[in-house]
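# Fold and geometry: a report
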Amino acid sequence: MPLLILGMILVAALVVWVVLRWRRHAHRAAVMTRPFPTEWIAWLEYEVPLYQSAPHVVREALHRKIHLFLEEKRFVGCNGFEVNDRARLIIAAQACLLVAGRPELTLPGFTTILIYPDAFMAETREFDGMVEHVGYEARGGEAWERGPVVLSWQDVIDGTRSLDGDNVVLHEFAHQLDHENPDSDGVPRLASAAQYRRWAQVFSAEYGALEKAVAQGEDTLFDPYGAEAPAEFFAVVTETFFELPGRLRRDHPELYHLLAGYFGLDPASWPPASQ
């Protein structure tokens, strides 16, 4: 009899889980099919050059995923910043560009986005032998594994408009994709062993070349910050892929095609955006 009761409890729990999962799936599907407000389209066309240049099919995917992103992510203003629809939409549109061509419905692993009006102070820790040095530095963004994404609004606006390969939204949300793998080492979740091998081959060569160029003081297409660690390299080349795709395809074709396959997008073929 106890085994029968235990079995009934497990079956009931399974039924509840299935029902809740189905309800969540149905709710998400309903959210993504909501009409995209014409006012939002006007804002994005004016404010976000990457949205301007995106083909119609990419825009349609963005609209669906922006709806879900805004439904499931929480925006919190810090140090007096007042979150409004414009700020939420500008951030959501660029974050969702990372999954517009991918099967993920939205970016995983976090629920909260903290927005400061300007650069914020972040604690730093360095070790000198057995001695730990604690300090602070100004930052434009941070991304914590299973934690919040932190953004400076001024850096968001500057990066959105510039199209120079420096975009804090793309950078920090690329880290969230990287966090899908436990090591957070510049290798996001891929579909097969062959893809992991190819990723390691191309990224190792490109990362090593950037480290060497930065050490020698040479100019590079990539932000030198990408040489700090493989995780930063992935975030930096993601910025470059979306904002300077033509130059990336010309100068680093293997890396470009690897990223195009991963993101499911070909931004080098998009028409240029006005700034």
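Structure first, text after, so check above.
Quick summary incoming for the structure in this document. (Residues numbered from 1 in each chain as written. Predicted model: local features only at pLDDT ≥ 70, side-chain atom pairs only at ≥ 80, totals over all residues. Heavy atoms only, no water.)

## Some remarks on unusual backbone geometry
- Of note in the backbone geometry, Asn-79 takes a positive phi value of approximately 55° without being a glycine.
- Locating Asn-79 in the fold gives a position in the loop between strand 1 (74–77) and helix 5 (85–97). (Helix = DSSP H or I, 4+ residues; strand = E, 2+ residues; numbered from the N terminus.)

## Thoughts on the sheet that holds strand 5 (residues 141–143)
- The 4 strands lie next to each other as 1-2-6-5, forming an open sheet whose pairing is mixed. Two strands close off the open sheet at either side, each with one partner strand: strand 1 and strand 5. When strand polarity is set aside, the average angle formed by the axes of neighbouring strands in this sheet is 20°.
- Note that strand 1 and strand 2 (residues 112–116) share 4 bridges and pair parallel. Its bridge partner lying in strand 2, Val-76 is registered against Leu-114.
- The sheet strands contacting helix 6 (residues 153–162) are strand 2 and strand 6 (149–152), and the helix crosses strand 6 at an angle near 75°. (Pairing = 2+ DSSP bridges. Axes fitted to C-alpha atoms, helices over the stretch in contact; angles between N-to-C directions. Contact = heavy atoms within 4.5 Å.)

## Structural notes on the pattern of salt bridges
- Considering all chains together, one arrives at 11 salt bridges under this definition.
- Here Arg-250 ties to Asp-251 by a salt bridge, and the two come within 2.8 Å at their closest N and O atoms.
- Owing to a relative accessible area of 60%, Arg-250 belongs among the exposed residues under this scheme.
- Within this structure, Arg-102, Glu-104, Glu-180 and Arg-189 form a network of salt bridges that share partners. (Salt bridge = Lys/Arg side-chain N within 4 Å of Asp/Glu carboxyl O. Buried < 20%, exposed > 50% of the residue type's maximum accessible area, 1.4 Å probe, protein only.)

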